[in-house]
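Summary of the model geometry
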Amino acid sequence: MPSSTSSSEVPGTGKGGLKPILTFFDPEHVDRPVPARPWGRIAMMAVLAATVLMAAWEVSWRGHWQYPGDFKNTDDLWAQERRKATGDATVIIGSSRIFFDIDLDIWEDITGVRPVQLAFEGTSPQPMLADLAADEDFKGLVIVGVTNGLTFSGYALRGDAVEHARTQSISRRIGHRLWMVFDTLFAATDDATRPKTIIYHAEFPLREGMERRMEPRKLMVMDADRNTRVAPRVMEDEAFQQLARDIWADGLSRKLAAMKEAPDPDAMAKLQENMDRIIADFSEKAAKIRARGGEVVFAQMPYNGMYAELEDAAFPRERAFDRLVAETGSVSVTFHDYPELQGLHLPEWSHLAPRDAEVFTARFAPILDARLEESKAIKAD
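Parameters and conventions
- Residue positions are given per chain, counted from 1 along the sequence in the order it is written.
- A pLDDT threshold of at least 70 governs which residues receive local features in this predicted model, and a stricter bar of 80 or more applies before side-chain atom pairs are shown or counted, although totals over entire chains, interfaces and linings include all residues.
- Note that water and hydrogens are dropped before the side-chain values are worked out from all heavy atoms of the structure.
- By definition, any uninterrupted DSSP run of H or I lasting at least four residues is a helix, any uninterrupted run of E lasting at least two residues is a strand, and each is numbered from the N terminus.
- Just to be clear, the radius of gyration here is over C-alpha atoms, and the globule rule we use is 2.2 Å times residues to the power 0.38.
- Throughout, the Shrake-Rupley method with a 1.4 Å probe supplies accessible areas, and for residues the shown protein chains are the sole cover considered.
- Neither His nor the chain ends contribute to the count of charged residues, in which Lys and Arg are positive and Asp and Glu negative.
- By convention, charge coordinates are those of NZ in Lys, CZ in Arg, CG in Asp, or CD in Glu.
- Paired strands are those between which DSSP finds at least two bridges.
- Contacts: residue pairs with any heavy atoms within 4.5 Å of one another.
- The axes used here are C-alpha line fits, helices contributing only the stretch in contact, and every angle between their N-to-C directions lies in the interval 0 to 180 degrees.
- Oblique is the label for every angle not falling under 35 degrees (roughly parallel), over 145 degrees (roughly antiparallel), or within 65 to 115 degrees (roughly perpendicular).
- Helix crossings are classified by the rotation of the near helix relative to the far one: an anticlockwise turn of less than a right angle makes the crossing left-handed, while a clockwise turn makes it right-handed.
- Classes in brief: Ala, Val, Leu, Ile, Met, Phe, Trp, Tyr, Cys and Pro nonpolar; Asp, Glu, Lys and Arg charged; the others, Gly included, polar.
- For the purposes of this section, nonpolar cores are sets of buried Ala, Val, Leu, Ile, Met, Phe, Trp, Tyr and Cys residues that join through side-chain atoms within 4.5 Å.
- Working definition: with a 1.4 Å probe on protein chains only, accessible area under 20% of the residue-type maximum means buried, over 50% means exposed, and in between means partly exposed.
- Here a polar contact is recorded for every N or O atom pair within 3.5 Å, except that within protein the pair must consist of a potential hydrogen donor and a potential acceptor, and residues adjacent in sequence are included only if both atoms are side-chain atoms.
- The span one expects for a helix is its residue count, reduced by one, times 1.5 Å.
- Residues enter patches when their relative accessible area tops 30% and they take part in no salt bridge; the joining distance is 9 Å for like charges and 5 Å for the nonpolar side chains Val, Leu, Ile, Met, Phe, Trp and Tyr.
- A carboxyl oxygen of Asp or Glu within 4 Å of a side-chain nitrogen of Lys or Arg is what we treat as a salt bridge.
- Only the six-membered ring of Trp is used, alongside the rings of Phe and Tyr, when aromatic pairs are assigned; centres must lie within 6.5 Å, and planes under 30 degrees apart are stacked while those over 60 apart are edge-to-face, with the rest tilted.
- For a ring to carry a charge above it, either NZ of a lysine or CZ of an arginine must fall within 6 Å of the ring centroid while also lying within 35 degrees of the normal to the ring plane.

1. Section: the overall build of the protein chain
For the protein chain, the helix and strand inventory stands at 15 helices and nine strands. Relative to the globule expectation of 21 Å for 381 residues, the C-alpha radius of gyration of the protein chain, 29 Å, shows a markedly less compact shape. Carbon and sulfur atoms make up 58% of the accessible area of the protein chain, which totals about 21300 Å². The distance from the centre of the 46 positive side-chain charges to the centre of the 59 negative ones in the protein chain is 6 Å.

2. Comments concerning the sheet that holds strand S4 (residues 116-117)
As summarised here, the arrangement of the five strands in space is S4-S3-S5-S8-S9, forming an open sheet in which the pairing is parallel. Looking at strand neighbours, the two that pair on one side only are S4 and strand S9 (331-334), the edges of this open sheet. Where strand S3 (residues 90-93) and S4 come together, two bridges link them in parallel fashion. In the strand pairing of S4, Val91 is matched with Val116. Where helix H5 (residues 126-134) meets the sheet, its contacts fall on S3, strand S5 (141-145) and strand S8 (295-300), and the angle it forms with S3 comes to roughly 150°. Its contacts with the sheet put helix H14 (residues 321-328) on S8 and S9, and the angle it makes with S8 is roughly 170°.

3. Here's the deal with the packing of H5 against helix H12 (residues 265-291)
Close contact between H5 and H12 brings their axes to 9 Å; oriented N to C, the two are set at 30°. Viewed along their axes, H5 and H12 adopt a mutual orientation that is roughly parallel. With respect to the hand of their crossing, H5 and H12 are arranged in left-handed fashion. Contact with H5, carried on its side by Gln126, Leu129, Ala130, Leu132 and Ala133, involves Arg277, Ile278, Asp281, Phe282, Lys285, Lys288 and Ile289 of H12 and no other residues of that element. Partitioned by chemical class, the residues of the contact of H5 with H12 number seven nonpolar, one polar and four charged.

4. Section: the nonpolar core
In terms of nonpolar packing, the biggest core is built from 53 residues, with Ile102, Ile143, Leu341, Phe360, Phe364 and Leu368 touching the most fellow members. Here this core takes eight residues from helix H11 (residues 238-260), the largest share from any one element. Excluding its chain neighbours within four sequence positions, the residues that come into contact with Phe360 are Asp101, Ile102, Met301, Pro302, Leu341, Leu344 and Leu352. Residues Ala85, Ala89, Leu118 and Phe315 belong to the second largest nonpolar core, which totals 34 residues.

5. Concerning H14
Since there are 3.6 residues in each turn of an α-helix, residues three or four apart along the chain are aligned in direction. For H14, the full list of buried residues reads Phe321, Arg323, Leu324, Val325 and Thr328. Phi turns positive, to about 60°, at Gly329, one or two residues after H14.

6. Let's talk about the side chain of Gln241
Of note, Gln241 is situated in helix H11. A polar atom in the side chain of Gln241 sits 2.8 Å from the backbone oxygen of Val234. In this structure Gln241 touches Val234, Met235 and Pro347, once residues within four positions along its chain are discounted.

7. Digging into helix H15 (residues 354-380)
For H15, with 27 residues, the first-to-last C-alpha span of 39 Å sits near the 39 Å given by 1.5 Å per residue. Three or more residues of H15 are buried, namely Asp356, Ala357, Phe360, Thr361, Phe364, Ala365, Ile367, Leu368, Leu372 and Ser375.

8. A short note on the packing of H11 against helix H13 (residues 305-314)
Packed helices, taken two at a time, are described by the angle between their axes plus the distance between the axes. Where H11 contacts H13, the two axes come as close as 10 Å, and the packing angle between them is 35°. In this structure, H11 crosses over H13, and the sense of that crossing is left-handed. Contacts between H11 and H13 pair Trp248, Ala249, Leu252, Ser253, Lys255, Leu256 and Met259 from the former with Met306, Tyr307, Glu309, Leu310, Ala313 and Ala314 from the latter.

9. Section: the pairing of S5
Most of S5 is tucked away: five of the five residues are buried. Sheet analysis places S3 next to S5, joined by four bridges and oriented parallel. Directly across from Thr90, in S5, lies its bridge partner Leu141. Where S5 and S8 come together, five bridges link them in parallel fashion. Note that in S8 the partner of Leu141 across the bridge is Glu295.

10. Some details on a nonpolar patch on the surface
A cluster of nonpolar side chains, Trp179, Val181, Phe182, Leu185 and Phe186, forms an exposed patch at the surface whose accessible area comes to about 460 Å². With respect to the element layout, Val181 can be found in helix H8 (residues 170-185).

11. Some remarks on the packing of aromatic side chains
Enumeration according to the criterion identifies 11 aromatic pairs in this entry. Among the aromatic residues, ring-to-ring pairing joins Trp107, Phe360 and Phe364 into one connected group. Across the ring face of Tyr307, the terminal group of Arg97 is positioned such that the distance to the ring centre comes to 5.1 Å. If you follow Arg226 out to its NZ or CZ, it ends over the ring of Phe120, 4.8 Å from the centre.

Everything listed here is a matter of coordinates, which is why it stays silent on function.
Rendered as structure tokens:
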């Protein structure tokens, strides 16, 4: 009888009545014959089934407001465009208003120059301007979109993209290029088609004490060079358009209610201090770019509804936009000053409808060009 301390042997018919324990990868002792099956036909059926299911999934999403050629707004795509911002390039930075409202095709048709779109939703232009100011190879025109609540708070939801562009690995670049092929061909690659996203935004009955999730939905479609516009669903699906307004109203109403309360002196002082710091930073970065022969201008895109109610009260023009322009010594264009830039359709108060964005761009570009020429003439005198 083997002792309790003996290892890896059990009673058997081998030498000494014992044989080694067989392992899974022991080819001399394990015989796993492959059964006779029509493996070729099985493989073809598996491929066919997968193809049919994938095709059905793709067709289904194309019928639910998803499109091939609508690219993900990733840090990798931003980095791809950032590498174009060299020399005397025209660059757009800011948040979603200037991101959605400037049509790059129309701009190129009018000016002969295609801008580099580096704006990001929910993000102050501050990190992007700092990045361009630090780039000695850049000496072009920077158009800074000013959305009061973001620009003067410094909030940067997507600010990490700047660092990502500096440290992006070769493998990430290759992976990004490969994924762009899928985005070009398929609609079902969109993040909105992921089961996690579908479940997260599903309108399940609410239990007691629960509130409806009011996070922003996807409102845009985007080309390979980040030329962006409001998604067709926002324009054509009235319920979805109303949902977008409800989401904005949920946050805006709380801020408006807070404004009607007695202001906290300490909070007001902190807000003013933050604004002073931000404007000083913009002034410093703009001066660096101008010292290399470039230019920085500031622009305000249209907004209305509850956004106008809040922004115009919280950031009066003379204390916010006009002060920013004056202290940075910049050319500016705000829709408030030009009737031809007003009266356009903003389906959810903050972004122009695609056709109106084209009209806005066609009117905005010549105005900005004229303002720049006027500024040059004044400096020459």
